[in-house]
Amino acid sequence: MIIQKEIILPAFPRGFHLITGLVMAQMPPLPEAGLLHLFIRHTSAGICINENADPTVLIDFETVFNRMVPEGQPYYRHTIEGSDDMPAHIKSVLAGAEVTIPVTSGKLSLGTWQGIYLCEFRNHGGQRRLTATLIS
Amino acid sequence: MIIQKEIILPAFPRGFHLITGLVMAQMPPLPEAGLLHLFIRHTSAGICINENADPTVLIDFETVFNRMVPEGQPYYRHTIEGSDDMPAHIKSVLAGAEVTIPVTSGKLSLGTWQGIYLCEFRNHGGQRRLTATLIS
Amino acid sequence: MIIQKEIILPAFPRGFHLITGLVMAQMPPLPEAGLLHLFIRHTSAGICINENADPTVLIDFETVFNRMVPEGQPYYRHTIEGSDDMPAHIKSVLAGAEVTIPVTSGKLSLGTWQGIYLCEFRNHGGQRRLTATLIS
């Protein structure tokens with residue numbers, strides 16, 4: 001069985017944000033066994049899974065991604081949408097645009113320390129749309 | 001229902017290439033709701049999703065990936081297949097070897113600006129084989 | 001049909017390790033057509049697909065990931081779990097926490113040179129748990 005749902009996330013500031021609760025609040029009851037696929041329909045934001053406890057982890061992600069893909073370098077050619085745009089495209093590929101999470105006994109089968117991240121790579125990204133697909 | 005199909009991509013030059021049209025031309029009609037999984041059966045190329053409009057984005061991806069994983073460094077030990085080979089393996093992991101895309105109302109549920117990229121990391125990669133799996 | 005199974009991997013030393021055989025030894029017979037989803041329930045290790053033949057490839061992955069996300073930098077704020085911890089979180093996002101592999105004719109449809117990697121990014125990561133989900 002396939003259930004699909006569009007999820008609209010409110011605008012977040014640039015950075016990494018835990019959205020597990022926000023996403024699950026918009027989902028129907030989960031099946032006994034299956035997979036939840038979340039797909040972000042944008043090219044300058046990402047979605048991935050990592051540590052859900054210490055807020056400094058989120059800050060360090062932002063710091064390190066900015067160092068890995070620095071802005072304002074002379075070699076960029078796609079610059080018309082602002083200095084944060086092309087780095088955002090590359091960071092989006094590095095973090096990924098989708099996650100697939102096992103569903104077991106009606107719950108996400110995440111590890112104790114895992115949560116879902118929205119990675120907002122634009123300075124003013126605005127609302128972001130996800131497509132959620134449940135397979136069971 | 002599961003439908004599987006092998007897709008053979010023609011040889012592309014090194015770089016990032018939009019292949020949405022090429023892939024979809026080889027797919028059967030898409031279901032009302034489901035997922036399309038695309039998997040590249042190689043370790044020195046990747047497949048990912050990003051911006052489908054401005055060709056300079058593709059050029060900047062190539063530039064930045066080359067800077068993130070530079071060739072010809074003294075610390076590489078796997079060098080027998082050429083200086084582009086080991087960096088290609090690492091770039092393949094960074095970009096990813098697979099994408100899963102929601103299918104809604106008989107179409108890929110991509111965002112307006114999203115397209116499927118083949119990331120050819122070898123100088124002479126030749127044809128590349130994908131396995132497409134449709135779940136509905 | 002959905003089949004789910006928890007797989008426990010023994011402790012591996014820090015680095016990249018081929019685990020295709022270990023994983024498949026714990027799986028039931030594979031279906032004629034489907035997908036195998038493997039998900040690692042940790043935030044400081046990863047799972048990805050790459051070259052299965054030359055052991056120096058695994059060494060080069062470790063070298064390059066350490067250079068891309070160096071330890072002990074003054075900009076890290078999440079340092080209480082050791083200098084290898086925060087870099088491990090970031091590497092886990094870069095490598096990914098999951099793979100989905102096509103299953104065809106009762107076998108993983110991997111390319112000739114592809115294998116499944118456990119990416120152990122901690123110095124002492126201990127056992128790692130995977131959730132395997134088979135869809136057919």
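(A) Inspection of the relation of the copies chain B and chain A at higher detail. The operation relating chain B to chain A is a screw motion whose rotation component is 120 degrees, with 0.0 Å of axial translation and a residual RMSD of 0.0 Å. Overall, the copies show the geometry of a three-fold rotation axis. In terms of proximity to the rotation axis, the leading residue of chain B is L94(B), whose C-alpha is 3.3 Å off the axis. A low fraction, 12%, of the interface residues of chain B reappear at the interface in chain A, so the copies pair through non-equivalent surfaces.

(B) Region of the structure containing the side chain of H89(C). Locating H89(C) in the fold gives a position in helix α3 (residues 85-95). Classification of H89(C) as buried rests on a relative accessible area of 3%. Apart from residues lying up to four places away in sequence, H89(C) is in contact with N50(A), E51(A), V57(A), F61(A), T43(C), S44(C) and H78(C).

(C) Geometry of the packing of helix α2 (residues 55-68) of chain A against helix α3 (residues 85-95) of chain A. Residue and element names in this part refer to chain A. Two elements in contact, α2 and α3, have axes whose closest approach is 10 Å; the angle formed by their N-to-C orientations is 120 degrees. Where α2 crosses over α3, the handedness of that crossing is right-handed. Contacts between α2 and α3 involve F65, N66 and M68 from the former and K91, L94 and A95 from the latter. For the contact of α2 with α3, the per-class residue count stands at four nonpolar, one polar and one charged.

(D) Looking closely at the nonpolar core. The biggest cluster of nonpolar side chains holds 60 residues, and the ones touching the most others in it are F65(A), L94(A), F65(B), L94(B), F65(C) and L94(C). F65(C) has contacts with I90(B), V93(B), L94(B), F16(C), K91(C), L94(C), A95(C) and F121(C), leaving out every residue within four places of it along the chain.

(E) The arrangement of unusual backbone geometry in detail. A positive phi angle, near 50 degrees, is found at S105(A), a position not held by glycine. Mapped onto the elements of the fold, S105(A) is located in the loop between β5 (98-104) and β6 (107-108).

(F) Molecular detail of the relation of the copies chain A and chain C. The transformation that overlays chain A on chain C combines an axial shift of 0.0 Å with a rotation of 120 degrees, and the residual RMSD is 0.0 Å. Residue by residue, only 12% of the interface of chain A is reproduced at the interface of chain C, so the copies engage with different surfaces.

(G) Just the interface of chain B and chain A, in detail. Taken together, the contact pairs 34 residues of chain B with 26 residues of chain A. A combined buried area of about 2500 Å² lies between chain B and chain A, and 65% of that area is made up of carbon and sulfur atoms. The largest per-residue losses of area from chain B upon contact with chain A belong to D60(B), M68(B) and Q114(B), which jointly make up 19% of the total buried on that side. The tally of links between chain B and chain A comes to zero salt bridges. Between chain B and chain A we count 14 residue pairs in polar contact (both at pLDDT 80 or more) in total.

(H) Seen up close, the side chain of E120(A). All names here are of chain A. Take E120: it is sitting in strand β7 (residues 114-120). E120 sits in the buried class, given a relative accessible area of 0%. There is a polar contact of 3.0 Å between the side chain of E120 and the backbone nitrogen of R122. Separated by 2.9 Å, the side chains of E120 and R128 make a polar contact. Apart from residues no more than four positions distant in its own chain, E120 is found in contact with F12, P13, R14, G15, H17, S44, G125, G126 and R128.

(I) Quick peek at the pattern of salt bridges. Under the criterion given, the structure shown has 21 salt bridges over all chains. In this structure, the salt-bridge partner of E120(A) is R128(A), at a minimum N-O distance of 2.9 Å. Note on R128(A): relative accessible area 4%, which makes it buried. One salt bridge in this structure joins R122(C) and D85(C), with 2.9 Å as the shortest N-O distance. Taken as a pair, R122(C) in the loop between β7 (114-120) and β8 (128-135) and D85(C) in helix α3 lie far apart in primary sequence, 37 residues in all. The exposure classification of R122(C) matches that of D85(C), with both residues buried. Connected via shared salt-bridge partners are E6(A), R41(A) and R129(A).

What counts and what doesn't
Residues numbered from 1 in each chain as written. Chains lettered and ligands numbered in written order. Predicted model: local features only at pLDDT ≥ 70, side-chain atom pairs only at ≥ 80, totals over all residues. Heavy atoms only, no water. Least-squares fit on C-alpha atoms with pLDDT ≥ 70 in both. Contact = heavy atoms within 4.5 Å. Helix = DSSP H or I, 4+ residues; strand = E, 2+ residues; numbered from the N terminus. Buried < 20%, exposed > 50% of the residue type's maximum accessible area, 1.4 Å probe, protein only. Axes fitted to C-alpha atoms, helices over the stretch in contact; angles between N-to-C directions. Left-handed = near helix turned anticlockwise from the far one by under 90°. Nonpolar A, V, L, I, M, F, W, Y, C, P; charged D, E, K, R; others polar. Core = buried A, V, L, I, M, F, W, Y, C linked by side-chain atoms within 4.5 Å. Buried area = accessible area lost by both parts, 1.4 Å probe. Salt bridge = Lys/Arg side-chain N within 4 Å of Asp/Glu carboxyl O. Polar contact = N/O pair within 3.5 Å; in protein donor to acceptor, adjacent residues only side chain to side chain.

It is worth stressing that arrangement in space is one thing and function is another; only the former is reported here.
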